[in-house]
Amino acid sequence: MTAEGIGARVLRKEDKRFLTGNGRYTDDMTMPRMGHAAFVRSTHAHARITSINTDDAMKMPGVDAVLNGHQLVADGIGNIICGWMIHSKDGSPMNMGAYRALESEIVRYVGQAIAIVIADTQQQARDAADAVIVEYEELPVVVDSLDALKEGAPQLHPEAAGNLIYDWEIGEEAATNEAFANAAHITTMDIDNNRLVPNPMEPRAALAHFDPAEEHYTLYTTSQNPHVARLVLSAFYNVAPENKLRVIAPDVGGGFGSKIFIYPEEIACLWATKRVGRPVKWTSDRTEAFLTDAHGRDHHTTAELALDANNKITGFRVKTVANLGAYMSLFSSSVPTYLYATLLSGQYNIPHIYANVKAVYTNTTPVDAYRGAGRPEATYVVERMMETVAKEVGMSPAEFRRINFIRQFPHQTPVIMAYDAGDYEASLDAAMKIIDYDGFAQRRAQSEAAGKLRGIGMSCYIEACGIAPSQAVGSLGAGVGLWESAEVRVNAVGTIEVLTGSHSHGQGHETTFAQLVSDRLGLPTESISIVHGDTDKVQMGMGTYGSRSGAVGMSAIAKALDKVEAKAKKIAAHLMEAAEGDIEIEGGELKVAGTDKKLTFTEVALAAYTAHNLPEGMEPGLKEGAFYDPTNFTFPAGCYICEVEIDPDTGVVSIENFVAADDFGTIINPMIVEGQVHGGLVQGIGQAMLENTQYDEEGQLLTASYMDYTMPRADNVPSFKLETTVTECPGNPLGMKGCGEAGAIGSPPAVINAVTDALGIRDMNMPASPNRVWQLIQDNGIKQAAE
Amino acid sequence: MYETKYHRASSVSDAAAMLKNADDGKLLSGGQTLIPTMKQRLAAPSDLIDLRHIAEMSGITKQADGSIRIGAATTHAEVASNDDIKTALSGLADLAGMIGDPHVRHMGTIGGSIANNDPAADYPAALLALGATIETNKREFSASNFFTGMFETALDEDEIVTAVILPVAANTAYAKFPNPASRYAMAGVFVAKTSAGARVAVTGAGQDGVFRMPDMEKALDSNWAAEAVVGIAPAEDNMLSDMHGTAAYRANLVTVMAKRAVAASA
């Protein structure tokens, strides 16, 4: 290890440009003759378009073109796809409605793109978009997934009868039912998971350029995975073959999943740039982001847990209805299935699990992966159940979990996952110690003396990250492999460029990836540059989501470094006339073990490029690439405990203590990991206490701005207490598990378990807003009890 | 935002003339509501007449009778940090310090805020409770005649608020329950012991904007203590109701905030 190697708190290399306003985001890019795009969007949640009149708009100053879906389809632009095939329990493939980048017949959610206007300035484009007259014949609207399944509900797509996309199952139903038949205790809960809007700081943007001489397109865009974007744009939307399309995702200001997907606007800009013969730029405003960025969560679930007479869990039965919105976004189908139900075993030894998931169309914004993607929903169900069941059978929540923890690894759950390593009790013990769990009764008494209600709740989460073995996800319906690539280029002077298919949009890869190289070669991080986000520079990659860049992306770099080291050792051995096996790399030098003979890494690199004296038959140069395909998911896990105090007069919940004890395996940079955990916790606490996406009956989004959508702010959260326990992941060379999503996955049930504990009630929905909590206090006569 | 013409007025009469000459002019006095509304394309004035640089409209003066005169173009930050106000009307200084965030407090002005009369704005509660006089380029209003309803005032279309005059009062305090999302008041209660007796004014909660709580005032007249207002709540029928707070919840908040304001007023 070096001063900047694995485990060091190296300050982020990228922060200088971000903090000094020198970041280069898509909206910062400009091109000669660039036109600006604005979209004409549906004002109705469900309507037939009877006419689109562009006459007035075309006459407005600066307007170049107004293009609609008829022209898009005529030009052969393909429908938007969903890249993960799910089969219903009867074996039939999922029912997918046609999704066009510009819709010209029936619009199905407010904000859906109908036409694109290109003008000289953004203002002109927006003015002209306002002047496009769309006439509609309104159709009945349905926004809730349970309503959409009802007999006689408005029908969205002819392809999906009854609005049912799939009726999927996992686990053994008969064996699970038998466990319930023999149970000593059964607990049933209805559990909703509220819909969220992702809200990355930078809204989506696209700048498309077509070079007619080369028949070549360039797209700057806000993507978490530019190579996947290029693949999908080429293979499915017929924009251009891959060799004629360069996708660049420069600095990207947050994604949280919402920038994985290929949206209508990016496709329309690419298509339009050729039609109008000039570069086309579009930058979403915040209202458009609320209306069109894929939302997250939105589940209705009924869960049942069966126990034997010793309070050991014998069966778990879950029925979930998932709202996927009006269309199927790129990975939407996988979120409530393989990313959700496969985690329903939690940290527990559950012999029988059966889950049934119905995915449903509604007249709302499409729903797809959002920080955690399926795993927060699973964790919320599991951990709300565990806490509630423990209380029902008269056990402490910790003790009930302890007697049901998985303690032997590997562990095969009944729902596909094979957990490789973990020590769940270690996280639980650490969290309980830090929060002084035993002192809670005293703290509660103090709160009660002051007229306040106090509660404590825990959550022992597990997630599957680093997605994932390509063969495994392929067998489950994924349209892509989920490996990662890396290339390590050593320059002649010994500096290094690492090309990676991972994409950094807040994760700090430029620092942590350099730390890995520094650790291996003993070079300072300043001599190591990370190159990412450009399909012309990096050959291929799968991008960043699912907490995979460490476990998968860095493993690919480690594999490429193995090859670089092997070749460097061969050169050094040759130059120093030593045996290759005696060469050690340390502190930026290649040494002959047991002697004082050594060469600097720079000298070896230079020798590789001068090629004056290389081993017989060796090619010049020092540059190696690798593809890494994991053998399994990774399984970060941990224990979060939340302690709240409630003001019964106003219903305001304040988090007094929050402890997160996580097992992420190997940690490269503890400071960056803490930042990731803090961010995840705030998003999870946001879901539990503040954020809630609401539509009215007409399908209008009521929470379409920060006036009504409650984003968490610094004063909503306490100073977190963090701890890590470590079991190394055996599945990758670095022992890493991933940390990007844990906070958002583990925290909501801890918060709600604490709030229900304080109120002395069993059930409540998120978010625990002041009004909702106050109403629960009134309905349950709690205030009197406290005084 | 649609295109608009910006004018910087140098005097009140200059501003009045500019407004008269504009097709569809709007007075700009900090713009903390107007500019976001324009950015969302929900307002499209042909001309903006900026009042913030009119010398006669800015500044805070303590007058001979002890009352405080605040120029309409005075920012919230200036009110919050003014020593005379902190001494004579500490509740008002606290209120100004709770408006929005530091950016808003350094741009937004008292005149702009009261002329807009957002039902969730803070100042109307203070002005109504303190019995303020609102001075315009045409006349004077008492606060009780000035605020006429949600986003409505007694101002003529072309009338410009020039100053607010606040008589001194004892035991002033403001307690605000912020909307969790916007942080505007869901219930903001200003209490004061004025020369005319106890005054309690409520913003953020009522359907018709700011209102007084006569029952609370009566109770406080005989006993200026937090317990005095317990059990006194406004009628739910008159309360706003939305996704952040039902009418019942808001009515409860009025009582709770009144209690806290009185407790803080000592």
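Everything numeric in this text was worked out from a predicted model, so none of it was measured.

Scoring rules and cut-offs
Counting restarts for each chain: residues are numbered from 1 in the order of the written sequence. Lettering for chains starts from A, numbering for ligands starts from 1, and both go in the order in which the items are written. Predicted model: local features are reported for residues with pLDDT of at least 70 only, side-chain atom pairs are reported and counted for 80 or more only, and whole-chain, interface and lining totals are derived from all residues. Derived side-chain values reflect all non-hydrogen atoms in the structure, with water molecules and hydrogen atoms excluded from consideration. A run of H or I in DSSP becomes a helix once it reaches four residues, and a run of E becomes a strand once it reaches two; helices and strands are each numbered from the N terminus. Exposure classes here rest on a 1.4 Å probe applied to the protein chains alone. A residue is buried below 20% of its type maximum, exposed above 50%, and partly exposed in between. Here, two residues are considered to be in contact whenever any of their heavy atoms come within 4.5 Å of each other. Here the accessible surface of atoms and residues is derived via Shrake-Rupley with a 1.4 Å probe, and residues count as covered only by protein chains that are part of the display. Where a domain begins and ends is set by an automatic assignment or by a domain database. Under this scheme, a helix contributes an axis fitted over its contacting stretch, all axes are lines through C-alpha atoms, and angles between N-to-C directions fall in the 0 to 180 degree range. Angular relationships are summarised with four words: roughly parallel below 35 degrees, roughly antiparallel beyond 145, roughly perpendicular across 65 to 115, and oblique for the angles in between. Crossing handedness: left-handed means the near helix sits turned counterclockwise from the far one by under a right angle, and right-handed means the same turn made clockwise. In this classification, the charged set is Asp, Glu, Lys and Arg, the nonpolar set is Ala, Val, Leu, Ile, Met, Phe, Trp, Tyr, Cys and Pro, and all remaining amino acids, among them Gly, are polar. When DSSP finds two or more bridges between a pair of strands, those strands are recorded as paired. By salt bridge we mean one thing: a side-chain nitrogen of Lys or Arg within 4 Å of a carboxyl oxygen of Asp or Glu. In summary, the pairing rule links any two rings of Phe, Tyr or Trp, Trp by its six-membered ring, whose centres are within 6.5 Å, and it sorts them by plane angle into stacked for under 30 degrees, edge-to-face for over 60 and tilted for everything else. Sitting over a ring, as applied to charges here, requires NZ of Lys or CZ of Arg to be within 6 Å of the ring centre and within 35 degrees of the ring normal. Take the accessible area each of two parts loses on contact, using a 1.4 Å probe, and add the two losses: that sum is the buried area. Polar contact is the term for a pair of N or O atoms within 3.5 Å; when the atoms are in protein, one must be able to donate a hydrogen and the other to accept it, and sequence-neighboring residues count only if both atoms are side-chain atoms. By definition here, a helix of n residues has an expected span of 1.5 Å times n minus one.

It is worth spelling out the overall build of chain B at this point. Regarding its fold elements, chain B presents 11 helices and 14 strands. Along the longest, intermediate and shortest principal axes, the C-alpha atoms of chain B span 55 × 45 × 30 Å. Burial statistics for chain B: of 266 residues in total, 56% are counted as buried. Within chain B, contacts between residues at least 6 apart in sequence are counted, and of these 58% link residues at least 24 apart. About 11100 Å² of surface is accessible on chain B, with carbon and sulfur atoms providing 48% of the total.

Segmenting chain B into domains produces domain 1 (1–51) and domain 2 (170–264). Distance from the C-alpha centre of domain 1 of chain B to the C-alpha centre of domain 2 of chain B: 34 Å.

Attention now goes to the packing of helix 10 (residues 375–392) of chain A against helix 11 (residues 397–404) of chain A. All names here are of chain A. Remark: helix 10 packs on helix 11, axes separated minimally by 8 Å, with the N-to-C direction vectors making an angle of 110°. By the criterion of interaxial angle, the relationship of helix 10 to helix 11 is roughly perpendicular. Every pair of crossing elements has a handedness; the one defined by helix 10 and helix 11 is right-handed. Along the contact surface, helix 10 presents Glu 383, Met 386, Glu 387, Val 389, Ala 390 and Lys 391, while helix 11 presents Pro 397, Phe 400 and Arg 401. Of the residues belonging to the contact of helix 10 with helix 11, the class tally is five nonpolar, no polar and four charged.

Below, the discussion takes up the sheet that holds strand 24 (residues 598–600) of chain A. All names here are of chain A. Taken together, three strands build an open sheet; the order of strands is 22-23-24 and the sheet is antiparallel. At either end of the open sheet lies a strand with only one pairing partner, and these are strand 22 (583–586) and strand 24. Each strand axis lies, on average, 20° off the axis of its neighbour in the sheet, ignoring direction. Examined bridge by bridge, strand 22 and strand 23 (residues 589–592) share four bridges and lie antiparallel to one another. Its bridge partner lying in strand 23, Glu 584 is registered against Lys 591. In the packing of helix 16 (residues 549–576) onto the sheet, the strands contacted are strand 22, strand 23 and strand 24, and the crossing angle to strand 22 comes to about 120°.

This part takes up the environment of A:Asp190. Residues and elements named next belong to chain A. Counting through the fold element by element, Asp 190 comes out in strand 8 (residues 185–193). Given a relative accessible area of 58%, Asp 190 falls into the exposed group. Linking Asp 190 and Met 766, residues 576 residues apart in sequence, is a C-alpha distance of 12 Å. With residues up to four places along the chain from it excluded, the contact list for Asp 190 reads Thr 301 and Thr 302.

Another aspect to go through is unusual backbone geometry. Here the residue pair A:Phe409 and A:Pro410 is connected by a cis peptide bond, since its omega of -5° sits within 30 degrees of zero. Mapped onto the fold, A:Pro410 is located in the loop between helix 11 and strand 16 (411–412). Note the cis peptide between A:Met766 and A:Pro767, where omega equals -5°. Following the sequence through the fold, A:Pro767 ends up in the loop between helix 19 (742–759) and helix 20 (770–779). Notably, A:Asp298 is not glycine yet its phi reads approximately 70°, a positive angle. For A:Asp298, the position within the fold is in the loop between helix 9 (286–292) and strand 13 (299–307). For B:Asn117, which is not glycine, the phi torsion reads 45° and is therefore positive. By the secondary structure assignment, B:Asn117 is in the loop between helix 7 (110–116) and helix 8 (123–130). According to the relative accessible area criterion, B:Asn117 is buried, its value standing at 1%.

A separate point is the pairing of strand 15 (residues 353–360) of chain A. Residues and elements named next belong to chain A. Extensive coverage of strand 15 is indicated by the burial of seven of its eight residues. Direction of pairing for strand 7 (residues 164–171) relative to strand 15: antiparallel, over a ladder of seven bridges. The partner of Tyr 166 across the bridge, within strand 15, is Ala 359. Inspection of the sheet shows strand 14 (residues 313–323) paired to strand 15 by eight bridges, in the parallel sense. Across the sheet, the residue bridging to Phe 316 is Ile 353, located in strand 15.

For the structure on display, the rule yields 64 salt bridges over all chains. Close ionic contact of A:Asp534 with A:Arg246 constitutes a salt bridge, the shortest N to O distance being 2.6 Å. Remark: A:Arg246 occurs in strand 11 (residues 245–248) and A:Asp534 occurs in the loop between strand 21 (528–531) and helix 16; sequence separation between them is 288 residues. Classification of A:Arg246 by relative accessible area gives partly exposed; the value is 23%. One salt bridge in this structure joins B:Asp158 and B:Lys138, with 2.8 Å as the shortest N-O distance. Here B:Asp158, found in the loop between strand 9 (152–153) and strand 10 (161–166), pairs with B:Lys138, found in the loop between strand 6 (133–136) and strand 7 (140–142); they are 20 residues apart in sequence, far enough to count as distant.

Further remarks concern the packing of aromatic side chains. All names here are of chain A. Under the criterion given, the structure shown has 23 aromatic pairs over all chains. Three or more aromatic residues joined by ring pairs make a cluster, and in this case those are Tyr 348, Phe 405, Phe 409 and Tyr 424. Here the basic side chain of Arg 204 rests over the ring of Tyr 263, its NZ or CZ set 3.6 Å away from the ring centre. Over the face of the ring belonging to Phe 180 we find Arg 317, whose NZ or CZ atom lies 4.0 Å from the ring centre.

What follows covers the interface of chain A and chain B. Contacts between the two partners involve 24 residues from chain A and, on the opposite side, 23 residues from chain B. The contact between chain A and chain B buries some 1900 Å² in all, and 48% of this surface belongs to carbon and sulfur atoms. In terms of surface lost to chain B, no three residues of chain A exceed A:Met707, A:Asn771 and A:Trp774, which account for 26% of the buried area on that side. Linking chain A with chain B are five salt bridges. The partner of B:Arg41 in a salt bridge is A:Asp127, and the shortest N-O contact between them spans 2.6 Å. Along the contact surface separating chain A from chain B lie 12 residue pairs in polar contact (both at pLDDT 80 or more). For the side of chain A that touches chain B, the secondary-structure elements that each account for two or more residues are helix 4 (122–131) and helix 20 of chain A. Grouping the constituent residues of the side of chain A that touches chain B by class yields seven nonpolar, nine polar and eight charged.

All names here are of chain B. Within strand 13 (residues 197–203), seven of the seven residues are buried, which leaves the element mostly enclosed by the surrounding structure. Once strand 12 (residues 185–194) ends, the chain turns through two residues before running back antiparallel as strand 13. Inspection of the sheet shows strand 13 paired to strand 14 (residues 211–212) by two bridges, in the antiparallel sense. Bridge pairing in strand 14 places Ala 201 opposite Arg 212.

How two helices sit against one another is set out by the angle between their axes and by the gap between those axes. All names here are of chain A. Across the interface, helix 15 (residues 509–521) lies against helix 16 with an axial gap of 11 Å and an inter-helix angle of 35°. Seen from above, helix 15 lies across helix 16 with right-handed handedness. Contacts from His 509, Thr 512, Phe 513, Leu 516, Val 517, Arg 520 and Leu 521 in helix 15 reach Ser 549, Met 554, Ile 557, Ala 558, Leu 561, Asp 562 and Glu 565 in helix 16. Grouping the constituent residues of the contact of helix 15 with helix 16 by class yields eight nonpolar, three polar and three charged.

All names here are of chain A. What the seven strands build is an open sheet, ordered 3-5-1-12-9-10-11; its pairing is mixed. The open sheet is flanked by strand 3 (63–68) and strand 11, the only strands paired with a single partner. Taken pair by pair, the neighbouring strands of this sheet meet at an average axis angle of 20°, ignoring direction. Bridging between strand 10 (residues 216–221) and strand 11 involves four bridges; their strand directions are parallel. When the bridges of strand 11 are listed, Tyr 220 appears paired with Ile 248. Helix 7 (residues 226–235) rests against strand 10 and strand 11 of the sheet, and its axis sits at about 145° to strand 11. Contacting strand 1 (35–41), strand 3, strand 5 (113–119), strand 9 (205–211), strand 10, strand 11 and strand 12 (280–283), helix 8 (residues 264–276) runs over the sheet at an angle of about 30° to strand 9.

Another aspect to go through is helix 8 of chain A. Residue and element names in this part refer to chain A. Helix length check: helix 8, at 13 residues, gives a terminal C-alpha distance of 18 Å against a target of 18 Å (1.5 Å per residue), a fit within 8%. Burial runs high along helix 8: 11 of the 13 residues are buried. When we look at burial in helix 8, the residues that qualify are Pro 264, Glu 265, Glu 266, Ile 267, Ala 268, Cys 269, Leu 270, Trp 271, Ala 272, Thr 273 and Val 276. Phi turns positive, to about 65°, at Gly 277, one or two residues after helix 8.

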